[in-house]
Amino acid sequence: MPNTELLEKLDAAIAEKSLLKHPFYQDWQAGKLTRESLQLYAQQYYKHVEAFPQHLRVLAARADESLKPVVMENLAEEENPARPHAKLWRDFAGALGVTEEELALSNSLPGTQHVVAKFREICAERSVAEAVAALYGYEAQVPEIATTKIDGLKKFYGITEPKGLAYFEVHEEADKEHRAAWRGWLEANANGNEAAILKSTNEALDALWGALSAVHANCAN
């Protein structure tokens, strides 16, 4: 029987904790962020972008035959030689005036450290269904977030060149496929403790929110 009730609960949690409701992204959409705030964001979020393929590798090593193709397709998109996502993010950072050396050497804020560690822990140590649900909770939001970021960058922050926008343009489309793939697997295969699946998803959503809060708090100082 399809896991319709579980998916409804997951979608409700994602809607409640949507990152588009976060004050940092609200300020982005309103043109209220300084360039320095965007530079800090670029440095911090790069840690998450850089870590994400390894989260997928960890999960792939645990996945059964129903899940492994889903994970590996996602990983292949992340590391597409023509447009590796980490390189696209570095291009975005470069458009803001952040060098690759600055990205590599910047220290992680506690919220950034936590989101990377939380996703790694969930993918490595919790049930496979919990890991998929957490990844779904993240990637389900990305296409709409990417669209609003592009709009704000063009309208308020002078980022109009394709190279500076490519990361977000890729994610407008790619993560529509990813969220559909995660959702389809959950619908057919998410056996196990529903409460645990929801708990892990909420922890992942809270970690994502917290990473933005860490950046936003430093922008205000």
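Scroll up a little and you will see the structure.
Residues numbered from 1 in each chain as written. Predicted model: local features only at pLDDT ≥ 70, side-chain atom pairs only at ≥ 80, totals over all residues. Heavy atoms only, no water.

Asker: Help me understand helix α7 (residues 110-125) in this model?
Answerer: Since one α-helical turn is 3.6 residues long, residues separated by three or four positions face the same way. Over its 16 residues, α7 runs 21 Å from end to end, which matches the ideal 22 Å to within 8%, given 1.5 Å per residue. Where α7 is concerned, the buried positions are Gly111, Thr112, Val115, Lys118, Phe119, Ile122 and Cys123. For α7, the angular spread of buried residues about the axis comes to 130°, placing them on one side. In α7, those exposed residues whose orientation departs by more than 90 degrees from the buried face are Pro110 and Glu125. (Helix = DSSP H or I, 4+ residues; strand = E, 2+ residues; numbered from the N terminus. Expected span 1.5 Å × (residues − 1). Buried < 20%, exposed > 50% of the residue type's maximum accessible area, 1.4 Å probe, protein only. Arc of directions from axis to C-beta.)

Asker: It is not clear to me how the side chain of arginine 126 should be interpreted in this structure. Could you clarify?
Answerer: Considering the arrangement of structural elements, one finds arginine 126 in the loop between α7 and α8 (128-139). At 2.7 Å, the side chain of arginine 126 and the side chain of glutamate 203 are in polar contact. Not counting residues within four places of it along the chain, the set of residues in contact with arginine 126 comprises Arg62, Lys118, Glu121, Lys199, Ser200 and Glu203. (Polar contact = N/O pair within 3.5 Å; in protein donor to acceptor, adjacent residues only side chain to side chain. Contact = heavy atoms within 4.5 Å.)

Asker: How should α8 be read in this particular structure?
Answerer: The terminal C-alpha atoms of α8 lie 16 Å apart, and with 12 residues this matches the ideal 16 Å at 1.5 Å per residue to within 8%. Counting buried residues along α8, 11 of its 12 residues qualify, which places the element largely inside the surrounding structure. Of all the residues in α8, the buried ones are Ala129, Glu130, Ala131, Val132, Ala133, Ala134, Leu135, Tyr136, Gly137, Tyr138 and Glu139.

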